[in-house]
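Topology and contacts: notes
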Amino acid sequence: MVSKTELSTFGLNVVHNSTVSNVPAGCVEVDTYNLSDQYPDDLVSQETFLTLASIHSGVVVPTLFLICASTNTINMIVFYKHGLHERFNLCVFCLA
């Protein structure tokens, strides 16, 4: 059986496991599973927030990276073909 000491820090339930745990010694485990109970007036539930965060980090960010990296490469090719002897082309090429 795991003995737990509960503290309240910034509205989160901080659970300190003193016997058997997957948390390394000296670290504190923060329980964030019941935030909707603590903040019932939130517009978005905890489950919805976690779903949106995982969609953002798993779909939106990689898609934007691929689009931006490819358009930057095209910009670099265009400015290289225009010639880098002009100062403006060189500056924009370096920014891309």
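Residues numbered from 1 in each chain as written. Predicted model: local features only at pLDDT ≥ 70, side-chain atom pairs only at ≥ 80, totals over all residues. Heavy atoms only, no water.

Broken down by element type, the chain carries three helices and three strands. The 96 residues of the chain split such that 8% are buried. Of the contacts formed within the chain by residues at least 6 apart in sequence, a portion of 13% connects residues at least 24 apart. Summed over its atoms, the accessible surface of the chain is roughly 8,000 Å², and 65% of this surface lies on carbon and sulfur atoms. (Helix = DSSP H or I, 4+ residues; strand = E, 2+ residues; numbered from the N terminus. Buried < 20%, exposed > 50% of the residue type's maximum accessible area, 1.4 Å probe, protein only. Contact = heavy atoms within 4.5 Å. Areas by Shrake-Rupley, 256 points an atom, 1.4 Å probe, with all protein chains shown as cover.)

Before going further, it helps to spend a moment on the side chain of Asn89. Note on placement: Asn89 falls in helix H3 (residues 87–95). Discounting residues that sit within four places of it in the chain, Asn89 has contacts with Phe79, His82, Gly83 and Leu84.

A few words now on the UniProt feature "transmembrane region" (unreviewed entry) in the chain. When the UniProt feature table is mapped to this numbering, "transmembrane region" (unreviewed entry) covers residues 59–80. What you have in residues 59–80 is 100% helix and 0% strand, and the ends, taken at the C-alpha atoms, are 32 Å apart. (UniProt positions renumbered as here; feature names shortened; annotations may be inferred.)

Now for the packing of helix H2 (residues 46–82) against H3. A pair of packed helices can be characterised by two numbers: the angle between their axes and the separation between those axes. It is the contact of H2 with H3, at a shortest axis distance of 9 Å, that shows an interaxial angle of 160°. Classified by the interaxial angle, the pair formed by H2 and H3 is roughly antiparallel. Here the hand of the crossing between H2 and H3 comes out left-handed. Residues Met76, Phe79, Tyr80 and His82 of H2 pack against Phe88, Asn89, Val92 and Phe93 of H3. In terms of residue class, the contact of H2 with H3 is built from six nonpolar, two polar and no charged. (Axes fitted to C-alpha atoms, helices over the stretch in contact; angles between N-to-C directions. Parallel < 35°, antiparallel > 145°, perpendicular 65-115°, else oblique. Left-handed = near helix turned anticlockwise from the far one by under 90°. Nonpolar A, V, L, I, M, F, W, Y, C, P; charged D, E, K, R; others polar.)

Moving on, we come to H2. Taking 1.5 Å of rise per residue, the 37 residues of H2 would be expected to cover 54 Å, and the 52 Å separating its terminal C-alpha atoms lies within 8% of that figure. By the largest-angle criterion, His56 marks the main kink of H2, which is about 35°. Looking one or two residues past H2, Gly83 carries a phi angle of roughly 110°, positive in sign. (Expected span 1.5 Å × (residues − 1). Bend = angle between axes of the 7 residues up to and from the residue.)

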